[in-house]
Every structure is written in C-alpha cells, then in structure tokens.
There are 2 protein chains.
Amino acid sequence: MKKLMITIALLYAGLFAFPQRKMPQVRPNIIVFLVDDMGIMDTSLPFCKRIMPLNKRYHTPNMEQMAKEGMKFVNAYAQPVCTPTRVSFITGMNASRTHVTNWTSPQKNNNTDPEDDQFLPLNWNINGLSPDTATEHTVNATPFPQLLRDAGYYTIHIGKAHWGPMGSPGANPYNLGFMVNVAGHSAGHPQSYLSEQKYGNMPGKAQAQAVPDLEEYYNTNTFLTEALTLEAKKAIGVPIERKEPFYLNIAHYAVHVPIMADKRFVQKYYDAGLDSTEAKYASLIEGMDKSLGDIMDFLRAKKVDKNTIIIFMSDNGGLDAHLRGGKINTHNSPFRSGKGSVYEGGVHEPMIVKWPATVPANSVNNNPVIIDDFFPTILEIAGIKTSKKIQKLDGISLLPTLKNPAVKIDDRPLIFHYPNNWNATPDEAALGLNYYSAIRFGNWKLVYPLRTKKLELYDLSKDIGEEHNLDLSNPVETKKLAALLGNTLRERNAQMPIEKSTGKAVPYPDKTFIK
Amino acid sequence: MKKLMITIALLYAGLFAFPQRKMPQVRPNIIVFLVDDMGIMDTSLPFCKRIMPLNKRYHTPNMEQMAKEGMKFVNAYAQPVCTPTRVSFITGMNASRTHVTNWTSPQKNNNTDPEDDQFLPLNWNINGLSPDTATEHTVNATPFPQLLRDAGYYTIHIGKAHWGPMGSPGANPYNLGFMVNVAGHSAGHPQSYLSEQKYGNMPGKAQAQAVPDLEEYYNTNTFLTEALTLEAKKAIGVPIERKEPFYLNIAHYAVHVPIMADKRFVQKYYDAGLDSTEAKYASLIEGMDKSLGDIMDFLRAKKVDKNTIIIFMSDNGGLDAHLRGGKINTHNSPFRSGKGSVYEGGVHEPMIVKWPATVPANSVNNNPVIIDDFFPTILEIAGIKTSKKIQKLDGISLLPTLKNPAVKIDDRPLIFHYPNNWNATPDEAALGLNYYSAIRFGNWKLVYPLRTKKLELYDLSKDIGEEHNLDLSNPVETKKLAALLGNTLRERNAQMPIEKSTGKAVPYPDKTFIK
C-alpha cells in the first residue's frame, strides 16, 4: 500500500504542467545567533549559580526572555579565538584536528602569529577552511550549511564570516553552502559600526575590514548591528513566504573591537558611571541583545516561532583588560582571563537554546558541551544524515539532552588547543595567553602551558576561577588527564609549537609528565 | 477521482516526519544573458540580411552556435542607455512610464544629466527602481524575479545590476527578488576588469565602481568576464543539484568602458591591424562570447540544456566614436549612431533565444520586440500569473512567436524616450544624442528631436541607416505616427524637458505637428 501511494503521489505530481512547490513544512527552521568576542559575563542573564556584579552592569532582557522560554547551557565552550571556533562550528571538527588554530588574516598566506622568542612560526592552516583541496594551508571539510542546502533548506548567512582569506573560496559564505550572504567576507571585524562612515567604505580609507553589502544603510543613522538585523529579517521572510525550511546564521560583528557606541543605548551606561570604553562596550552588548529580541518578535509575528530553533552562542571569551582598559583578569570575572586564553574566561560561553515544541522552557543544562557539537546537532534536528561529509567529526549531537536536560552526556574530552601566539603582551603569563592546550573532562580541567610545560589541574565544580592548582595534591588525576589530552591530541595529529632552541616540537602532555 | 488523489498525495506527504523536497522538475530554467553596451554589429553573427564588415572583424562563435540552435530576433530593441533598459527589463514597463530615463548615479539623489543650455534639469526618477515606496524619486514596481522566487524558482543575479543608487533598496539585487547576488550593486560599470587590480578594490583607490564579491579571484589572472562566468556556473549548480527550477540573470559588465584587454583574446585583433582601443574592445566581446559558450557547455554537461531557455540580449547600442576613437557613426554601421541615441545604432539589439524543446532551431524572427516584453514572456514561460504585480505592463508575452516565428505580433508602438542629457559633445547633433523620443510602428519609425521639434520619418524596411527622412514626402504617415507617439506618451504620463527660455515643457509630438 505504501508503495502504491508513492506511485500515486508521483503520478499525480506529474499531471501538473507547472507544479507549484508547496509542501507542508514540518522540518524546523534553525537559527544560530552567534556573537563575536562576547564573554560569558557580558549579560544580565547569570550563567553562574548566583548573580554576579557584571550581570548587574549589563542589560540583555531578550537573552533573559530566551532563557525563560528555553534552555540555558552553563557549561558550553568554544576555542579561545574566533576563526578556530567558527571553523569547528561549521565542520564539527575540533581545532586540534582542523589545524586552524588562530585567526585568519584577510590576506592569503599570511601567518597572523606574531614573531616569538621561544617558538618558530607554526605551520598551521593559515588559509582557514576550504570546501575543496585547491587552496594550500586549508582544512578541507564539508560545511553543514551545504548539507542543509542540498537537502532543501534555504540557507542564509548574515554578518561576520571569517572562514578564510581573500583569494580563497573560504572567504565567501556562498562557497560554504549559503545561498544568501550579506556582509560576510574574509575580515574578522568591522572597520566601523557606523552608517555615517559607510561601515568603513569611505573613499580612500576603506580597508579589508570595510563591511560589504550594506550600501542601502549608508548615512541612515543605522548601527551595524541593526542593519544586520534588518537584513536577517528580510532574508528569512523569503523562505517563510515560500514555506521552505531555513537555516539562518546571524553572526554579529558585535561586540568585537572597534568598541564604538551604539547611540541607542550608550547614555544609560555613562549615567551609571562607566568609563567611555566600558559604556560603549555595554551599548554594543545591548544592541546585540535588541537584535535577538527583534528576531524572536519577527518569528512570532510570522507565526513560525514554534517551529524554529534558535541557538545563542559566542565564539570566544570576552576581551580582557590588556586590550580594553581596567585591571587584568576582571572582565570575565569570576572566570579567569579572557579571549586568547584556554582558561575559562577565554572559552566558557553563554549558550541558550529555544525551541518551544521540543526544548523544555526555563531549563538549565549542566552538560559540558562544545562548539564542535553544533554540526551533528543541527543536522540531526534537520533530519539529515551526515554520510556525505568528508571529515571525521569530533562533536556529538546534543538533541537528546536538548529534549531533556536530565539526559547526561557521557564524560568525554573537551579540547582547547592553542599552539599559537595571539597577542604579544607583558601580561601574557598573568593572563595565560598564547601557547596553551587544555582539556575538560567531567568537572576536571587540565591546563598545559606549552612554554613552561608545568601542568595545572583544577576542579571546576569547586573552583570556576581556576585559582587552586591541584597538580601536586592530585597527581593521579593529573596523570590521567595528561594521558587523555595527549592521546586525543595524538589521535587528531594536533600541531605543537617548535622550540627555536632545539628545533623540536613541544611534547604532548603525557610525554612531559614526569611526576 | 482527481480530488481523491490530491487528498492521498497530501496525506502521503504528511506521513514523512522530514520530507525531502524533491519534485519532478518540469518548469524550465530561464537564463537571461545580458551584455552591457554591446552594439548589434559587435558580433560575427549577422543581424542584417547580409554579412557586414563589422561581422568579419569580431569573433563570436558561441553566438553563432546559439543562433543555429535557436531563434535570432532581427528587430529587437532596448532604450538608448542602460538603467532605463534594465528597469524596463525587470518591470515590464517602458521607460516613458517608469520615468527612469537616464542612467542612475551610484550616489543617491544625484541627477546624472549634465547641465544644459536649453533645458532645465528634468525631474526624472534619479534613484531608479525601488520595490517599495520609501525612497523618493523612484519607480515602484514588482520585479519579475520576485514573482519567480515566490513561485519556487531559485533566482540568481551575477554581474552588473545598476537598478538604483547606494542608500536605496534598488542597489541590492536581493531586494529585487534575487536569492543570490554576486557582484551586482549600484554602479554601472566596473572600476577594472583585472584581478591584478582586484577589480578596483585597491587600498586607497577603490571607487564606487569597485566590483564587490570577487575576493576569491584577486591576483589569479582571472578577467572579470571569466570570474562572473565561474560564479554563474557555481550558482546554477545549486538548483540543478536540488532539482529546483532556476532563473539566472547573468549580466556581464563587458563590453562597457573601461575598455581593457582580455589577454586571452586580444593578440589576434592586434595582428589583424586594429588599433589599441578597438583590439581591446574586440577582446571584450570575444571574452563575453566565451562566457556564453561556457554556460551552454555547463548546461549540457549537467543535462539540463534541453529544459533551459537562454535569452541573449544587450542593454543599449554600442558606444560610438566620440567616446571610443575613429569616425562618428561608424561603430554600429550600417545602423546610425550608437549608445545614447534613439536612432537604430542606439537601440537596435542583438537578441537570440535558445530553448531546444520549444523554439525552432536556426530560425529567424522578424517581429519588432522590445525589452519591455521580457517580463511577461519570462513569467508566462514559468507558468506564473502576474496578478501580484503592482505596475501596469507595457510589454507583451513573446511565447507564441517563440514557438513559431511565423506568428506575427500585431503592430504596436515601440517607444524610445530619452528626454535627458547623456553626454555633452560637439557631435550631439550629428549623432542624434540627448533629448529625443521615437516610435517604431510596423516598419515605420518616427524620430522626434526634442530640441528642434523637427520630426523625421524613416521606412526601416528600406532604410535601416535612417538616412532618408520621408517627413515631407509622407506627411500622412508622419502625422499618424506623431499622434500615436503623442497619445502613447500622454497615456504613460511621459516626462518632457522644460525649456529654460519659456519654462514650458516640450509638447508631445502631435501638438507640435503643424504641417
């Protein structure tokens, strides 16, 4: 009977000379709302067990609302800088496997690692992600938007891309499976957030970071975050109208430098006594939060909110004081350090998921999860088998625990691998920047500083600030985690920096473990 | 039974949790291959009854092949400059109705008409086409790609757009119904054709004409025409893979100025004795022709050539000597004048249609047709009713005569209306540039010079060069056409220039007709 009905259905479809493609939409729409350089404390929504001072500084009512209607992940992770996270996100591979371990330059074949006294330049994949093998120094993988597109999803990218440099296919989201691309290219930050400065496209002044595609908003007093939001709403209006499932990647340039005032929100932060930089930063955050609210309102108005899953995420920790002002180790407090570090302030992210039909409202998920998980999760949600991908995944699908936060994900190694130099600063040691690997397994975290090779062990269940190194008091756990980190890095053929003095690579942590 | 089968089909579709959207593709794919500033003689394919000297100069084997496999239109028309044609093309309205009668500046609210001694600046729609009413000085219309997109077509724009200035929605093809846009924006020509010059995107040197989106090709020795062709093939690969019908607008920047050498082809034109400008121009043409061949080859390789209609067209006549070198009135010979003129050299276009299943091979169509006809033709081909459009159409569907060139289109007024100033040159009078209206009706053509108001009548069946003014010898026909032109302009509320001396508008031609 089933076969007969297929036959009848196909026959019938063939009767139309020009069949309209209207099918009942049952596949969910999927939105990833990705913020740039947003720290886990850059919100009024608490991700710690209690409300912290920074939660009182910032105003993100829409994140609060989203968490009420959905699930808050309090142990979600990314890599310490943006391109590695973005490549992991779209490929499902960990940075230790992609060898895209630092941010990519807008220029091809340009290693962004500053010169270092101790280490030779690392031969990492400086040209980022590529959908084919034609470009040197790239990781070759099948991005999930391509699988969504192939399966009939209307795929949209809005905002920051930063998957590869100019002159490589990875520069253009179109080559990564997106049908629509607005404002995404090779650059990792905007030249300007201001429409009065044409987002950087000023004659004679435009740099590689001038934001493309937004000519419509020049001189309209439209902050970049708002322009991208308007474009996102416009873009998803099309598949909604066509009754096609869509995937929207809205990847804000906010809250990355240049820290500029979003005039709609900045005054109250001045009034609250914040200094210029911090008031502007807070306005960038609130502008981003307003965008989230606008998207949720739009879905509701179009009556597709119930069948749309939104995943809120940031790509790395918040910028700490050495590039922002104030005291170091404070901007992601109580978490340690910030962007560029494998300590919690650099990798622990604000993550929220809303999906009315499936994800319990006002729920909290304690499972440790990582950006690598987005690929298999999104494809499972879309009902797409991943057999067509060419890469080996490191992530796992979160769908079971999205349905029920009590479903525990088995302990597995979450790897942070940064054999690179992000930012040469006298505060490097104090902040734990540059040349680090780390692993989280259960509540344990092992940090492996590649310069000193002195392992550090933390119990995150008691010490989210990573202040109490248990290395000496718990050598058994340290050894166990060193072996797990070492074996995992080995299996992924992870790159390690080469010592200038010896010409030898830094050993994997289990080989340096001599206690 | 029909009703039951619908029910069964719908029920069955509902049984899938995640139905794949695969339907038999019966709607044809549609490609408009639009060349910029290409004159009707800029090809080795003769559009006159015999082979002319210029047909021997140029090499366009793929146009020849396309004509062998399809239908050549020998009386196809557009407007004298690009934006008016492009707006008519996408809206189905004649330029006399859109009031977009000159090319639009990349800058908003910028009237591109040079100052004139005789006429006040015309209050034309200097901001081009807009899909909504929010922008001043625009024509508000429903572009056909939007209707195609709404009906399930995968709509793609590649190349020159030029429908509106920066700061208006018309600048972005995405706002006009295209899902994919590569390289289309507010500018009417490329800053450079060369990848070594990043198509104009050189730091500190980029102007409004720098071509967007092609970062992947920088410094790859890829001529702009080739880059656009590669992007077009990539873009249509997606709907072909998804088994969705597509509309591709491939609108080459070639052969518009800056006249630059396409190195792949230029040498043989030097060898043939052409001067530098003409050799480069010929190479631009042959590069464009190669693109046409590559697209046709790609369709064949993907096995969709039989179900794909390709329409080849140019947007106005070829540039004449005053902006190119050589003697005036020669570059479109035997046709008179060129771009900017309502004489045949400015508006008579090379048009070819190929659609294996429907359009007879190696056929010639003598019907006078005009760019306004593209809108209803394309929608009828796609099986889409145009009831959702907001504008009144001037074009008619060519589908009946595409199926059979013997089907004659009833005589109707084809209007060329240019109450504007394109190019202040001492040769204005000799070339018939600036401030002209004209009508073709059957084989008759009436030219109305708005400066002198001295009507000219030509019999195109005997005088394609418009050399013999029959105004005096045939006052009856002159009067009849003046009335038809006048009434048509009146019905469309066409704008006429205002005399500085009197403050009065130039009268419609039937009111000036005093014989």
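The following paragraphs examine the structure supplied in this document. Keep in mind the model is a prediction, meaning the values are calculated, not measured. (Residues numbered from 1 in each chain as written. Chains lettered and ligands numbered in written order. Predicted model: local features only at pLDDT ≥ 70, side-chain atom pairs only at ≥ 80, totals over all residues. Heavy atoms only, no water.)

## So, the side chain of T225 of chain A
- Among the structural elements, T225 of chain A can be located in helix α7 (residues 224-242).
- We classify T225 of chain A as buried; its relative accessible area is 1%. (Helix = DSSP H or I, 4+ residues; strand = E, 2+ residues; numbered from the N terminus. Buried < 20%, exposed > 50% of the residue type's maximum accessible area, 1.4 Å probe, protein only.)

## What to know about the environment of P239 of chain B
- Inspection of the secondary structure puts P239 of chain B in helix α7 (residues 224-242).
- Residues in contact with P239 of chain B, not counting those within four places in the same chain, are Y154, I156, E244 and F246 of chain B. (Contact = heavy atoms within 4.5 Å.)

## Some remarks on the nonpolar core
- The biggest cluster of nonpolar side chains holds 137 residues, and the ones touching the most others in it are L214 and F312 of chain A together with L214 and F312 of chain B.
- Residues within four places of L214 of chain B in sequence aside, it is in contact with V182, A183, Y199, L224, A227, L228 and E231 of chain B. (Core = buried A, V, L, I, M, F, W, Y, C linked by side-chain atoms within 4.5 Å.)

## Side note on helix α3 (residues 61-69) of chain A
Residues and elements named next belong to chain A.
- Along α3, the residues classified as buried are M63, M66 and A67. Buried positions in α3, seen along its axis, are confined to an arc of 100° and lie on one side of it.
- Each element contacted by the buried residues of α3 is listed here: β2 (71-77), α9 (276-301), β8 (308-314), β9 (348-354) and β10 (363-365). (Arc of directions from axis to C-beta.)

## A look at the pattern of salt bridges
- Within this structure, the stated rule accounts for 60 salt bridges over all chains.
- Among the ionic pairs, E278 of chain A bridges to R57 of chain A, the shortest N-O distance being 3.1 Å. Pair noted here: E278 of chain A is in helix α9 and R57 of chain A is in helix α2 (residues 53-57), with a separation of 221 residues, a long-range link.
- Of the residues examined, R57 of chain A reaches a relative accessible area of 27% and is grouped as partly exposed.
- Between K453 of chain B and E499 of chain B there is a salt bridge whose closest N-O contact spans 2.3 Å. Of the two residues, K453 of chain B sits in the loop between β14 (444-449) and β15 (456-459) while E499 of chain B sits in the loop between α14 (475-491) and α15 (509-512), which places them 46 residues apart along the sequence.
- The class for E499 of chain B is buried, based on a relative accessible area of 12%.
- Overlapping salt bridges, with partners in common, bring together E226, D262, R264, K290 and D294 of chain A in one network. (Salt bridge = Lys/Arg side-chain N within 4 Å of Asp/Glu carboxyl O.)

## As for unusual backbone geometry
- Of note, the amide linkage connecting V257 of chain A to P258 of chain A takes the cis form, showing an omega dihedral of 0°.
- Position of P258 of chain A among the secondary structure elements: in the loop between β7 (246-251) and α8 (266-271).
- Cis geometry is adopted by the peptide bond preceding P334 of chain B, which originates at S333 of chain B and carries an omega value of 15°.
- Structurally, P334 of chain B can be placed in the loop between β8 (308-314) and α10 (344-347).
- Although it is not a glycine, N221 of chain A sits at a positive phi angle of roughly 60°.
- Its place among the elements puts N221 of chain A in the loop between β6 (180-182) and α7.
- Judged by relative accessible area, N221 of chain A falls into the exposed class, the value being 60%.
- Here the phi dihedral of A183 of chain B falls at roughly 80°; this positive angle occurs in a residue that is not glycine.
- With respect to the helices and strands, A183 of chain B occurs in the loop between β6 (180-182) and α7.

## Description of the packing of α7 of chain B against helix α9 (residues 276-301) of chain B
Residues and elements named next belong to chain B.
- Interaxial distance between α7 and α9 falls to 10 Å at its minimum, and their mutual angle equals 20°. Judged by the inter-axis angle, α7 sits roughly parallel to α9. With respect to the hand of their crossing, α7 and α9 are arranged in right-handed fashion. In this structure, α7 contributes T225, E226, T229, A232, K233, I236, G237 and I240 to the contact, and α9 contributes G287, M288, K290, S291, D294, I295, F298 and L299. (Axes fitted to C-alpha atoms, helices over the stretch in contact; angles between N-to-C directions. Parallel < 35°, antiparallel > 145°, perpendicular 65-115°, else oblique. Left-handed = near helix turned anticlockwise from the far one by under 90°.)

## Points about the sheet that holds strand β13 (residues 436-441) of chain A
Residues and elements named next belong to chain A.
- Judged by pairing direction, the sheet is antiparallel, and its four strands sit side by side in the order β12-β13-β14-β15 without closing on themselves. Only two strands of the sheet have a single partner each, and these edge strands are β12 (414-418) and β15 (456-459). Strand-to-strand twist in this sheet, taken as the mean axis angle between neighbours without regard to direction, amounts to 15°.
- Where strand β14 (residues 444-449) and β15 come together, four bridges link them in antiparallel fashion. Bridge pairing in β15 links V447 to E456. (Pairing = 2+ DSSP bridges.)

## Notes on the environment of G395 of chain B
All names here are of chain B.
- Looking at where G395 falls in the secondary structure, it is placed in the loop between α11 (374-382) and α12 (399-403).
- Sequence separation of G395 and H189 is 206 residues, and the distance between their C-alpha atoms is 27 Å.
- What G395 contacts, discounting residues up to four positions off in sequence, is G92, D372, D373 and P376.

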